[in-house]
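Commentary on secondary and tertiary structure
Listed below are the residues making up each chain.
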Amino acid sequence: MNRADAEILWEVASVLARDAAKVSRARRRAGPDLPPLLFFTDPDRTPRPWETAARLPVGSGVVFRHFGQADALETAQRLRDATLGRGVRLLIGLDAALADTVGADGVHLPERALDQAERLIAARPDWIITGAAHSLPRLGTPGLDALVVSPVFPAGGASADRPALGLKTLGDWVAAAPCPVYALGGIDFGNALSLVSSGACGIAGVSAIRAAFGPD
């Protein structure tokens, strides 16, 4: 765990959440508070995500993306064990059945599955439902608690072949979205401060959060 990097990411995420709450509360349905910081898992880049999840600050969130891995249930349960009772929310990527099985706090929908949002919201009003958006038209998906837009900065992983949005476009998308917006993609302790005043409600990340909060 790199305490200096972790403190920067958490402080910036908390500032974003506080600022966004002043204008965003009326833009989402009633429900649990949104985590300022979302740790997105990845089978390749975060092979033992429960170790990072166990070190996240109270109030954070984890989005478990299993991409069909055979050990999805085992990993989801480890993540639930690491987060339950610590004030850390657990969302499951796409898989509502798995979310129900492990008692998760909600579901994160990839952009291709945003058409499932209304059905999930109606079936599980107690869940946090978030969705990914990589294009302006997808910002209009109704009812979501939050959108996660990416990549804000040049990024690796699945976003490596997508052009970075940049801070101006991020601000434009935040203004256009019907719900709070997380910034994802290429964010680290070196550029996180530039997100202040962007209007984003928090920070989402994979490698940078793993590096800052994970085991040494």
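Note that the structure is a prediction, hence the values are computed from the model and not measured.

1. Re the nonpolar core
Of all hydrophobic cores here, the largest spans 55 residues; its most connected members are Ile92, Leu195 and Ile203. Tallying contributions element by element places helix α1 (residues 3–24) first for this core, with five residues.

2. Some remarks on the pattern of salt bridges
Two side chains of opposite charge can pair, provided their charged atoms sit close to one another. On inspection of all chains with the given rule, the structure shows eight salt bridges. Two residues, Asp172 and Lys168, come together in a salt bridge whose shortest N-O distance is 3.1 Å. Residue Asp172 and its partner Lys168 are both found in helix α6 (residues 166–176); the two are separated by four residues, about one turn of the helix. Judged by its relative accessible area of 41%, Asp172 falls in the partly exposed class. With relative accessibility at 65%, the residue Lys168 sits in the exposed group. Among the charged side chains, a salt-bridge network with shared partners connects Arg80, Arg89 and Asp105.

3. Thoughts on the environment of Glu7
Turning to its location among the elements, Glu7 is positioned in helix α1. Distance from Glu7 to Phe189, taken between C-alpha atoms, is 8.8 Å for residues 182 residues apart in sequence.

4. Things to note about the packing of aromatic side chains
Within the structure shown, the criterion is met by zero aromatic pairs. In this structure, Arg78 is placed above the aromatic ring of Trp50, and the distance from its NZ or CZ to the ring centre is 4.4 Å.

5. Re unusual backbone geometry
Along the chain, Ser150 connects to Pro151 via a cis peptide bond; the corresponding omega equals -10°. One can find Pro151 in the loop between β6 (146–149) and α6. Phi is positive for Phe67, close to 50°, though the residue is something other than glycine. Along the chain, the position of Phe67 falls in the loop between β2 (61–64) and α3 (72–83). Residue class for Phe67 comes out exposed when judged on its relative accessible area of 55%. With a phi close to 70°, Leu94 is a non-glycine residue in the positive phi region. In this fold, Leu94 is placed in the loop between β3 (89–93) and α4 (96–102).

6. Re the sheet that holds β3
The strand order β1-β2-β3-β4-β5-β6-β7-β8 describes a closed barrel built from eight strands, whose pairing is parallel. If you compare each strand with its neighbour and ignore which way they point, the axes differ by 25° on average. Sheet topology note: the strand β7 (residues 181–184)/strand β8 (residues 202–205) ladder contains three bridges and is parallel. Looking at the pairing, Leu184 lines up with Ala204 of β8. Against the sheet, α3 engages β2 and β3, with an angle of about 175° to β2.

What counts, and at which threshold
- The written sequence of each chain sets the order in which its residues are numbered from 1.
- Given that the model is predicted, a residue must reach a pLDDT of at least 70 before its local features are reported, and side-chain atom pairs must reach 80 or more before they are shown or counted; all residues, however, enter totals for whole chains, interfaces and linings.
- Side-chain numbers here rest on the full set of heavy atoms in the structure, without hydrogens or water.
- Buried Ala, Val, Leu, Ile, Met, Phe, Trp, Tyr and Cys residues form a nonpolar core when they are joined through side-chain atoms within 4.5 Å.
- Whether a residue is buried, partly exposed or exposed follows from its accessible area with a 1.4 Å probe, protein chains only, as a fraction of its type maximum: under 20%, in between, or over 50%, in that order.
- By the criteria applied, helices consist of DSSP H or I runs no shorter than four residues and strands consist of E runs no shorter than two, each listed in order from the N terminus.
- What makes a salt bridge here is a side-chain nitrogen of Lys or Arg within 4 Å of a carboxyl oxygen of Asp or Glu, nothing more.
- The pairing test for Phe, Tyr and Trp rings, Trp by its six-membered ring, is centres within 6.5 Å, and the orientation test on the planes gives stacked under 30 degrees, edge-to-face over 60, and tilted for anything in between.
- Think of it as a cone above the ring: NZ of Lys or CZ of Arg counts as a charge over the ring if it is within 6 Å of the ring centre and within 35 degrees of the ring normal.
- DSSP bridges decide pairing: two strands pair if at least two such bridges lie between them.
- Every axis in this analysis is a line fitted to C-alpha atoms, fitted for helices over the stretch in contact. Angles between the N-to-C directions lie between 0 and 180 degrees.
- Two residues qualify as a contact provided that any one of their heavy atoms is within 4.5 Å of a heavy atom in the partner residue.

On their own, these measurements won't tell you what the molecule is for.
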